[in-house]
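Breakdown of the fold
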Amino acid sequence: MDTTGEEITLRTYLSVIQRHYRLVVAATLVTTAAVAILQFFLPVSYSASTYGFIPTAEKGSSVSGITTALGLGDLSGDVSLGAQLQRVLTSRRFRKDIVKAFGLLPPQVDPHSEQLSRAQRLQLATVLGDIGASSKITIEKASNAISVTYIDTDAARAAAIA
């Protein structure tokens, strides 16, 4: 390329593209075909999110009574309701409840049972790990807002779990 001060115009760029149009078309087609093939083999996934606000738990309030009834205790102390809620939603017991409610294991396998075979425990651990990896819980401390997002290959199940 000559750098003696010639101006490069749009016409110069177009002439380069015109000379190498086969290379441009081939690269475009190969890239499009590769993406199409990759998309065909990737599983479809759906994401569902739920948003809400967590009320503040003051001593003697109805929220405090609800949290006590849920077995969370009196949360008006140092631990915020949001932190407790996040702990519950990410707990192994809660994930086992999701497994049972949505039939993610065969009917003869009770996720809360202590009498599971080694294969059933492995299957349960795999499903619980998948639920943990597919869910995201975020709490915005300033506004007490919570968001729960769940990703699944089944749209209805993703929406129901979220």
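Right above here is the structure, for reference.
Computed from a prediction, not measured in an experiment: that's the story for all the values here.

Focus on the pairing of strand 3 (residues 145–152)
Burial runs high along strand 3: seven of the eight residues are buried. In the sheet, strand 1 (residues 46–53) pairs with strand 3 via eight bridges, with the strands oriented antiparallel. Pairing of G52 across the sheet is with I146, part of strand 3. In this sheet, strand 3 lies alongside strand 2 (residues 135–140) in antiparallel orientation, the contact comprising six bridges. Across the sheet, the residue bridging to I137 is V148, located in strand 3. Taking the residues between adjacent antiparallel strands as the criterion, strand 2 and strand 3 are bridged by four residues, where N144 takes a positive phi near 60 degrees.

A closer look at helix 6 (residues 118–134)
Working note: α-helix, 3.6 residues per turn, so residues spaced by three or four point in the same direction. A rise of 1.5 Å per residue sets the reference length of helix 6, with its 17 residues, at 24 Å; its end C-alpha atoms lie 24 Å apart and thus fit the reference within 8%. For helix 6, the set of buried residues is L124, V127, L128 and I131. The buried residues of helix 6 occupy an angular sector of 100 degrees when the element is viewed end-on, so they sit on one face. Set apart from the buried face of helix 6 by more than 90 degrees, the exposed residues are R118, A119, L122 and A133. Along its buried surface, helix 6 packs onto helix 5 (92–101), strand 2 and strand 3.

Conventions we followed
Residues numbered from 1 in each chain as written. Predicted model: local features only at pLDDT ≥ 70, side-chain atom pairs only at ≥ 80, totals over all residues. Heavy atoms only, no water. Buried < 20%, exposed > 50% of the residue type's maximum accessible area, 1.4 Å probe, protein only. Helix = DSSP H or I, 4+ residues; strand = E, 2+ residues; numbered from the N terminus. Pairing = 2+ DSSP bridges. Expected span 1.5 Å × (residues − 1). Arc of directions from axis to C-beta. Contact = heavy atoms within 4.5 Å.

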